[in-house]
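Spelled out from the first residue to the last, the chains are:
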Amino acid sequence: MLELGIVALTTFFVTVGPVDVAVVFAVLTRGMDPAQRRAMAWRGALLATAILLPFALFGEAALGVLGISLPALYTAGGILLLLIGIDMVFARSSGGVSATPDETREARSRTDLSVFPLATPLLAGPGAMGAAILMMSRASGDLAAQAVVIAALIAIMALALVCLLIAVRIQHWLGVTGAHVLTRIMGVLLSALAVQFIFDGLADSGVMT
């Protein structure tokens, strides 16, 4: 149970990227009123949580209806997370855990960023959605384990909210170079987790036996 909790926290931390999102949020909201930034931070974090929880709670059931097996989910989810991890290591924006350049340009023209791009795709992006389904599938059939995964998700979203509320300070502390260094370290960890998911999926499918 402890191992599952640590893996869930690490996976959600990397795919949600609270610190990275805070830096982007600080840039996009430069010049805005502090009260307006705080309101957008709260709305964005709550909306992102409302997006991710259904994926965690009902994603596996939806895949079952489509006839997708758990080994296939582990393998495909691992590949998705591996691609995201590689992009993070090389500091590339693919849209998996960050907004694409086109989305960023569109966001700069908006006055309310809480739904787009903050809630999605910055906080609740494809990587976080896939991670939510993947982690819940690992706890399948065990209510206590599923509660641990949900608690880990909520904890990371709460951390994301705190980071958004102090986004300007984080940007000042880290700077661009510091943010990229942190992203690369998290990318290496995510890549390792992703490869393990792929191995687990292949082993459970019988391909590697």
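The text that follows walks through the structure, step by step, so that each part is easy to find. This structure is a prediction, so every number in the text was calculated from the model and none was measured. Residue numbers here run from 1 along each chain, matching the order of that chain's written sequence. Restriction of local features to residues with pLDDT of at least 70 applies here, the model being predicted, together with a cutoff of 80 or more for giving and counting side-chain atom pairs; totals for whole chains, interfaces and linings are based on all residues. For the side-chain quantities, the full set of heavy atoms in the structure was used; hydrogens and water were omitted.

Side note on the side chain of Thr29
Only runs of H or I of at least four residues qualify as helices and only runs of E of at least two qualify as strands under DSSP, and these elements are numbered from the N terminus. Residue placement: Thr29 occurs in the loop between helix 2 (18-28) and helix 3 (34-65). Only protein chains enter the calculation, and the probe is 1.4 Å; a residue is then buried if its accessible area is under 20% of its type maximum, exposed if over 50%, and partly exposed in between. You can call Thr29 buried: its relative accessible area is 0%.

Considering the packing of helix 1 (residues 2-16) against helix 7 (residues 126-138)
Helix axes are fitted to C-alpha atoms over the stretch in contact, other axes to C-alpha atoms as well, and angles between N-to-C directions run from 0 to 180 degrees. With their axes 8 Å apart at the nearest point, helix 1 and helix 7 run at an angle of 165° to one another. Compared by their axis directions, helix 1 and helix 7 come out roughly antiparallel. Both helix 1 and helix 7 take part in a crossing whose hand is right-handed. In this structure, helix 1 uses Leu4, Val7, Ala8, Thr11, Phe12, Thr15 and Val16 to contact helix 7, whose residues at the interface are Gly127, Ala128, Ala131, Ala132 and Met135. Any residue that is not Ala, Val, Leu, Ile, Met, Phe, Trp, Tyr, Cys, Pro, Asp, Glu, Lys or Arg is counted as polar, Gly included; the first ten are nonpolar and the last four charged. Across the contact of helix 1 with helix 7, the residue classes break down as 9 nonpolar, 3 polar and no charged. Throughout, the term roughly parallel applies to angles under 35 degrees, roughly antiparallel to angles over 145, roughly perpendicular to angles from 65 to 115, and oblique to all others. For any pair of crossing helices, the crossing counts as left-handed if the nearer helix is rotated counterclockwise from the farther one by less than a right angle, and right-handed if it is rotated clockwise. Should any heavy atoms of two residues lie within 4.5 Å, those residues are counted as being in contact.

Quick look at unusual backbone geometry
In this structure, Pro117 follows Phe116 across a cis peptide bond, with omega equal to 5°. Mapped onto the fold, Pro117 is located in helix 6 (residues 114-123). The omega torsion across Thr120 and Pro121 is 15°, close enough to zero to call that bond cis. Considering the arrangement of structural elements, one finds Pro121 in helix 6.

Some details on the pattern of salt bridges
One speaks of a salt bridge when a side-chain nitrogen belonging to Lys or Arg is within 4 Å of a carboxyl oxygen belonging to Asp or Glu. Going through the model one piece at a time under the given rule, you end up with 1 salt bridge. Residues Arg138 and Asp200 are paired through a salt bridge, measuring 3.2 Å at the closest nitrogen-oxygen approach. Placement of the pair is Arg138 in helix 7 and Asp200 in helix 9 (residues 167-205), with a sequence separation of 62 residues.

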